[in-house]
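Spelled out from the first residue to the last, the chains are:
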Amino acid sequence: MGDMVSLVVAFILANWIWLDLYRGMDEVNYDNIGILLATFMFVFFLFSLNRYFLKRSNVEELMNMIKNTLLLAAISTLILFITKNFDSMNRGVFACTLIFYAALGFGIRVLLKKILRKYFRKNMPKMLLVTTSDRAESIIRSLNSNYDLDSRVGAVVLIDEDKVGTKIENIPVVASFHDMLDYTKKGVVDEVFIHVSYDTGRSLKPIIEEFEKMGVTVHININVLDGFDEFNKSINMLGSYPV
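Caption draft 1: Structural context of the overall build of the protein. For the protein, the count of helices and strands is eight helices and eight strands. Sorting the 243 residues of the protein into buried and exposed places 40% on the buried side. Expressed as a percentage of contacts within the protein between residues at least 6 apart in sequence, the contacts between residues at least 24 apart total 69%. Surface accessibility of the protein: about 13600 Å² in total, with carbon and sulfur atoms responsible for 59%.

And the structure:
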């Protein structure tokens, strides 16, 4: 949406600055804005250039915007030639539109990203991951790679080692097996993902019951679910993990 607004504003500015101010022409031509918008929609949906929008750095965002602009320029030029409308598109207006679009689009994306990150960090449910030290890193990477925000996992509990105070993939380890319930009672936990072996999962049954009593949503890797027949269960996907 922000890119489309940028394109429309850029086209209007380009016409005004190039034709009215620079060339001194009284009439401004907006005939080809439809072709540019159609090309924009084609580029957006075909190449999905805004995927992982919130994860990109400003440098990556700039490179993405440049790539977007170059694709828009190439495809719109081709369409203008095919439809025999290229002669009606002023070359100066076309060039200015692309320059203004890239600048405006980049600025709007950076601003929008700041607003959205601030909102989601405040309101997004954070997950407590309960697992073992040999699984934690790969699970965090997998979960976060399937999520368009900075991090789906908010904190980690390692049940086989006491590494409280350290970080895994920049996610803090907040508790061990013995004090995970204390952390959950003191902190704000919306949901828990337990990814452990079958035998370990059965030994965690009393803790899972406590999570349930606190109203916390618990996700368990599917190979452990057979030992929890008395719980209300449903099969879902959490990232690439069936739970």
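Caption draft 2: The arrangement of the sheet that holds strand S4 (residues 171-176) in detail. Spatially, S3-S4-S2-S1-S5-S6 is the arrangement adopted by the six strands of the open sheet, whose pairing is mixed. Strands at the two margins of the open sheet, each flanked by one partner only, are strand S3 (167-168) and strand S6 (217-220). Across three bridges, the pairing between strand S2 (residues 153-158) and S4 is parallel. By the bridge assignment for S4, Val157 is matched with Ala175. Along the sheet, helix H8 (residues 205-213) contacts strand S5 (191-195) and S6; its crossing angle with S6, the most-contacted strand, is approximately 145 degrees.

Caption draft 3: Looking closely at the confidence of the model for the protein. Residues with a pLDDT of 70 or more make up 75% of the protein, whose mean pLDDT is 77. At the low end of the mean pLDDT range in the protein sits strand S8 (residues 241-242), at 53; at the high end sits S3, at 90.

Caption draft 4: Just unusual backbone geometry, in detail. For Glu169, which is not a glycine, the phi torsion comes out positive at approximately 55 degrees. Relative to the helices and strands, Glu169 resides in the loop between S3 and S4. For Asn170, which is not glycine, the phi dihedral falls at a positive 70 degrees.

Caption draft 5: Fine view of a nonpolar patch on the surface. Side chains of Val5, Val9, Leu13, Trp16, Leu21, Ile108 and Leu112 sit close together on the surface and give an oily, nonpolar patch of about 560 Å² of accessible area. Only helix H1 (2-22) and helix H4 (91-123) provide two or more residues apiece to the nonpolar patch. At five residues, the largest contribution of residues to the nonpolar patch is made by H1. Overall, Trp16 belongs to the partly exposed group, its relative accessible area being 42%.

Caption draft 6: Quick look at the side chain of Ser6. Looking at where Ser6 falls in the secondary structure, it is placed in helix H1. Residue class for Ser6 comes out buried when judged on its relative accessible area of 1%. If sequence neighbours within four positions are ignored, Ser6 has contacts with Tyr101, Leu104, Gly105 and Ile108.

Caption draft 7: Region of the structure containing the pattern of salt bridges. Inspection of every chain in the model, using the stated rule, returns seven salt bridges. Of the charged contacts, one joins Asp3 and Arg109 as a salt bridge, the two residues approaching to 2.6 Å between their closest N and O atoms. Note that Asp3 is positioned in helix H1 and Arg109 in helix H4, a separation of 106 residues in sequence. The two residues Asp3 and Arg109 agree in class, both being buried. The partner of Lys163 in a salt bridge is Glu161, with the nearest N and O atoms 3.8 Å apart. Its relative accessible area of 34% is what places Glu161 among the partly exposed residues. Taken together, the shared-partner salt bridges connect Asp3, Glu61, Arg109 and Lys113 into one network.

What counts and what doesn't
- Residues numbered from 1 in each chain as written.
- Predicted model: local features only at pLDDT ≥ 70, side-chain atom pairs only at ≥ 80, totals over all residues.
- Heavy atoms only, no water.
- Helix = DSSP H or I, 4+ residues; strand = E, 2+ residues; numbered from the N terminus.
- Buried < 20%, exposed > 50% of the residue type's maximum accessible area, 1.4 Å probe, protein only.
- Contact = heavy atoms within 4.5 Å.
- Areas by Shrake-Rupley, 256 points an atom, 1.4 Å probe, with all protein chains shown as cover.
- Pairing = 2+ DSSP bridges.
- Axes fitted to C-alpha atoms, helices over the stretch in contact; angles between N-to-C directions.
- pLDDT = per-residue confidence, 0-100.
- Patch = residues over 30% accessible without salt bridge, like charges linked within 9 Å, V, L, I, M, F, W, Y side chains within 5 Å.
- Salt bridge = Lys/Arg side-chain N within 4 Å of Asp/Glu carboxyl O.

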